[in-house]
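Listed below are the residues making up each chain.
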Amino acid sequence: MRLWISACWLMGLCLLIAPAHAQNLVDPTATRTVAAPEDDYSPFENEFDEDVVAVYDPIEPFNRAMFWFNDKLYFYLLKPVARAYRVVPEPARVSVGNFFSNVATPVRLANCLLQFRFPDAGRELGRFVVNTTWGVGGLFDPAHKRLGWHKKDEDLGQTLGYFGIPAGPYLVLPLFGPSNPRDAVGRIGDGVLDPWPYVLDETWEVIAVKTYDRVNWLSLDRDTYEAIKREQLDPYLFIRDAYAQRRDAMIME
Amino acid sequence: MKHANFLYPLLVFLLLAVAAPVCAQAGPQAQLKETVDAVLAVLRDGGLGAAAKRERISPLVRARFDFPTMAQWVLGPQWRQASATEQERFVVLFSDLLEATYIGRIDEYSGEEVVFVGEQIEDRRAQVDTKVMTRSAEIPINYRLVSRGEDWLVFDVIIENVSLVRNYRSSFSEIVRREGMNGLFAQMEQRISELKAGGKAG
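Computed from a predicted model, the values in this text were never measured in an experiment.

Each value, and the rule that gives it
- Residues numbered from 1 in each chain as written.
- Chains lettered and ligands numbered in written order.
- Predicted model: local features only at pLDDT ≥ 70, side-chain atom pairs only at ≥ 80, totals over all residues.
- Heavy atoms only, no water.
- Helix = DSSP H or I, 4+ residues; strand = E, 2+ residues; numbered from the N terminus.
- Buried < 20%, exposed > 50% of the residue type's maximum accessible area, 1.4 Å probe, protein only.
- Areas by Shrake-Rupley, 256 points an atom, 1.4 Å probe, with all protein chains shown as cover.
- Phe/Tyr/Trp six-rings, centres within 6.5 Å; stacked < 30°, edge-to-face > 60°.
- Lys NZ or Arg CZ within 6 Å of the ring centre and 35° of its normal.
- Core = buried A, V, L, I, M, F, W, Y, C linked by side-chain atoms within 4.5 Å.
- Contact = heavy atoms within 4.5 Å.
- Pairing = 2+ DSSP bridges.
- Salt bridge = Lys/Arg side-chain N within 4 Å of Asp/Glu carboxyl O.
- Axes fitted to C-alpha atoms, helices over the stretch in contact; angles between N-to-C directions.
- Parallel < 35°, antiparallel > 145°, perpendicular 65-115°, else oblique.
- Left-handed = near helix turned anticlockwise from the far one by under 90°.
- Nonpolar A, V, L, I, M, F, W, Y, C, P; charged D, E, K, R; others polar.
- pLDDT = per-residue confidence, 0-100.
- Expected span 1.5 Å × (residues − 1).

**Side note on the overall build of chain A**
Next, step 1: On a plain count of helices and strands, chain A comes out with 12 helices and two strands.
Next, step 2: With 253 residues in all, chain A has 42% of them scored as buried.
Next, step 3: Surface exposure of chain A reaches about 14,300 Å², of which carbon and sulfur atoms provide 68%.

**Focus on the overall build of chain B**
Next, step 1: When helices and strands are tallied, chain B shows seven helices and five strands.
Next, step 2: For chain B, the N- to C-terminal ordering of α and β elements is α-α-α-α-α-α-β-β-β-β-β-α.
Next, step 3: Looking at the 202 residues of chain B, the share that counts as buried comes to 49%.
Next, step 4: Total accessible area on chain B is roughly 9,800 Å²; 56% of this is exposed by carbon and sulfur atoms.

**Looking at the packing of aromatic side chains**
Next, step 1: Under the definition given, this model contains 21 aromatic pairs over all chains.
Next, step 2: Judged by centre distance (6.4 Å) and plane angle (75°), the rings of Phe67 of chain A and Tyr225 of chain A are edge-to-face. Pair noted here: Phe67 of chain A is in helix α2 (residues 60–85) and Tyr225 of chain A is in helix α11 (residues 224–231), with a separation of 158 residues, a long-range link.
Next, step 3: Judged by its relative accessible area of 13%, Tyr225 of chain A falls in the buried class.
Next, step 4: Taken together, a centroid distance of 5.9 Å and an interplanar angle of 65° make the contact between Phe99 of chain A and Phe100 of chain A edge-to-face.
Next, step 5: Take Phe100 of chain A: its relative accessible area is 8%, and that puts it in the buried class.
Next, step 6: Among the aromatic side chains, those forming a connected cluster through ring pairs are Phe67, Tyr74, Phe75, Tyr170, Tyr225 and Tyr236 of chain A.
Next, step 7: The ring of Trp73 of chain B has Arg169 of chain B sitting right over it, with the charged end atom 4.4 Å from the ring centre.

**Comments concerning the nonpolar core**
Next, step 1: Of all hydrophobic cores here, the largest spans 80 residues; its most connected members are Phe90, Phe94, Phe172, Leu184 and Met188 of chain B.
Next, step 2: For this core, the element with the most residues is helix α7 (residues 164–201) of chain B, which contributes 12 residues.
Next, step 3: With near-sequence residues (within four places) excluded, Met188 of chain B lies in contact with Leu233 of chain A together with Phe90, Leu93, Phe94, Leu97 and Phe172 of chain B.

**Regarding unusual backbone geometry**
Residues and elements named next belong to chain A.
Next, step 1: The phi dihedral of Phe116 falls on the positive side, at around 55°, and the residue is not glycine.
Next, step 2: Following the sequence through the fold, Phe116 ends up in the loop between α4 (105–114) and α5 (118–133).
Next, step 3: Its identity is not glycine, yet Val136 carries a phi of approximately 50°, on the positive side.
Next, step 4: If you trace the backbone, Val136 turns up in the loop between α5 and α6 (142–145).

**So, the pairing of strand β4 (residues 151–159) of chain B**
All names here are of chain B.
Next, step 1: Of all nine residues that make up β4, seven are buried, and the element is covered over most of its length.
Next, step 2: Here strand β3 (residues 138–148) pairs with β4 via eight bridges, running antiparallel. Looking across to β4, one finds that Leu145 is bridged to Val154.
Next, step 3: Between β4 and strand β5 (residues 162–163), which pair antiparallel in sequence order, lie two residues; one of them, Glu160, sits at a positive phi of approximately 45°.

**Some points on the pattern of salt bridges**
Next, step 1: Scanning the model with the defined rule gives 38 salt bridges over all chains in all.
Next, step 2: Ionic pairing is found between Arg166 of chain B and Asp241 of chain A, a salt bridge with its closest N-O pair at 3.6 Å. Placement of the pair is Arg166 of chain B in helix α7 and Asp241 of chain A in helix α12 (residues 235–252), with the two residues belonging to separate chains.
Next, step 3: Across the salt bridge formed by Arg62 of chain B and Asp96 of chain B, the nearest N and O atoms sit 2.7 Å from each other. Here Asp96 of chain B lies in helix α6 (residues 84–104) and Arg62 of chain B lies in helix α3 (residues 50–64), a separation of 34 residues in the sequence.
Next, step 4: Each of the salt bridges in this network shares a partner with another, and the network as a whole consists of Asp57, Glu60, Arg64, Asp234 and Arg240 of chain A together with Glu174, Arg177 and Arg178 of chain B.

**Describing the packing of α3 of chain B against α6 of chain B**
Residues and elements named next belong to chain B.
Next, step 1: In contact at an axis separation of 10 Å, α3 and α6 are set at 130° when each is read in the N-to-C sense. Our classification of the angle between α3 and α6 gives oblique. For the pair α3 and α6, the sense of crossing is right-handed. Residues Arg54, Ile57, Ser58, Val61 and Arg62 of α3 lie in contact with α6, whose contacting residues are Ser95, Asp96, Glu99, Tyr102 and Ile103.
Next, step 2: Its residues placed into classes, the contact of α3 with α6 shows four nonpolar, two polar and four charged.

**Brief notes about the pairing of β3 of chain B**
Residues and elements named next belong to chain B.
Next, step 1: Pairing geometry for strand β2 (residues 125–133) and β3, over nine bridges, is antiparallel. Looking at the pairing, Val128 lines up with Tyr143 of β3.
Next, step 2: Here β2 folds back onto β3, and the loop between the two strands holds four residues.
Next, step 3: Count of turn residues in the β3/β4 antiparallel hairpin: two residues, of which Gly149 carries a positive phi of about 65°.

**Considerations on the confidence of the model for chain B**
A low pLDDT means the predicted coordinates there should not be read in detail.
Next, step 1: For chain B, mean pLDDT is 86; residues scoring 70 or higher make up 86% of the total.
Next, step 2: We note a pTM of 0.81 for the whole complex and an ipTM of 0.80 for its interfaces.

**With respect to the sheet that holds β3 of chain B**
Next, step 1: As summarised here, the arrangement of the five strands in space is β1-β2-β3-β4-β5 (chain B), forming an open sheet in which the pairing is antiparallel. With one partner strand each, in any of the chains shown, β1 (113–122) and β5 of chain B form the two edges of the open sheet.

**Observations regarding α5 of chain A**
Since one α-helical turn is 3.6 residues long, residues separated by three or four positions face the same way.
Residue and element names in this part refer to chain A.
Next, step 1: Taking 1.5 Å per residue as the helical rise, α5 with its 16 residues ought to reach 22 Å, and the 23 Å between its terminal C-alpha atoms agrees with that figure.
Next, step 2: For α5, the set of buried residues is Asp120, Ala121, Glu124, Gly126, Arg127, Val130 and Asn131.
Next, step 3: Looking at the buried residues of α5, the elements they touch are α3 (90–103), α4 and α6.

**Focus on the packing of α4 of chain A against α5 of chain A**
A pair of packed helices can be characterised by two numbers: the angle between their axes and the separation between those axes.
All names here are of chain A.
Next, step 1: The N-to-C vectors of α4 and α5 enclose an angle of 160°; their axes lie 8 Å apart at closest approach. Relative to α5, α4 is oriented roughly antiparallel. Seen along the crossing, α4 lies across α5 with a hand that is left-handed. Taken together, the residues of α5 that come into contact with α4 (itself represented by Thr105, Arg108, Leu109, Cys112 and Leu113) are Phe118, Asp120, Ala121, Glu124, Leu125 and Phe128.
Next, step 2: For the contact of α4 with α5, the residue count by class is seven nonpolar, one polar and three charged.

Put into structure tokens, the structure is as follows:
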């Protein structure tokens, strides 16, 4: 009797494991993956096209120099400060981030309107009203948490892209990082709608506030840049392509 | 007591008879979820050390990713110019690199939830949209899968609109252009050993 039960159990176990994990039983170090796929079907289009994904980067030596500069700035100044600042409890830092994001509403709202995205513009306006009142001056985000109104990150670079203005060559800006002429111009334009220079008298105060926003944001980031540096063969190339992909997608969305 | 002993294996068999066909036909989202849930279960297992976690996650990842397909597309035009041995070597290195990358992130896990948003199937391709919920943000991670036999295998991961294979292709083709295939292999080997060493130290 005992034996029979054990036999049943074993068979049951084998049945349970075999179909789902047949592949797992193969020694993972043996190169199961080397063999070509069982069939020739490729899920990709333009499989062997040349330069399907190249980013135009004629001033690469300059860009790499700026990349190096930003890298040092990050590791020797911004990140240590952000790391020390992490003594502030995370919920408080999330609230600070919400506050800065709420203040920046005019930039997003104007760019939604410029792209005729009226439902998005309406949501941005609604988010501002709800979060400024119910969200205690923008410290909380009940518009998203309770009402499901997502923030729409629009900026002038995307608006220019929406009207068909090409990105132009890749450009790494000191302090600001990956960009291109279109997005750099957009950045300046968005500066006009940024409320901070209108509330603060001195330029250094604006710079201090902007730096604080950045440090706060970095303190919430889970070391993305460190991971890229650790994992990628050439972090410069990775970020160049990721930036181009992301901006293209944001313009389309 | 005797009856209970007798019934239990029977019940297991019945359950399996019902469950097995369902498993075989599971769609891309169900299959991906199975892998993600299994990985999360390992990550949340407080009793396991970092090395044990790595050992368990590795086969899970390898079984769900279509590394040969990814590798082929990542090399793009250079795949055709490469010799058979180079192609084979590249697939091995690329699989190891992706695995080391994925597994290197184990230590960063701090209880994030993965939400499955939905799936779209188009012929033999599918996309499964997920969101990783961190305390301060929702990170959209979309998986593209291809059906191979009974399995749906991942051939691209799109994180915040950035396609992983597209990005690798862009980087790798630059490196091959500058340093040739052997230069690429050397860099990949170095990165793999660094990632593995870093994982052990941390």
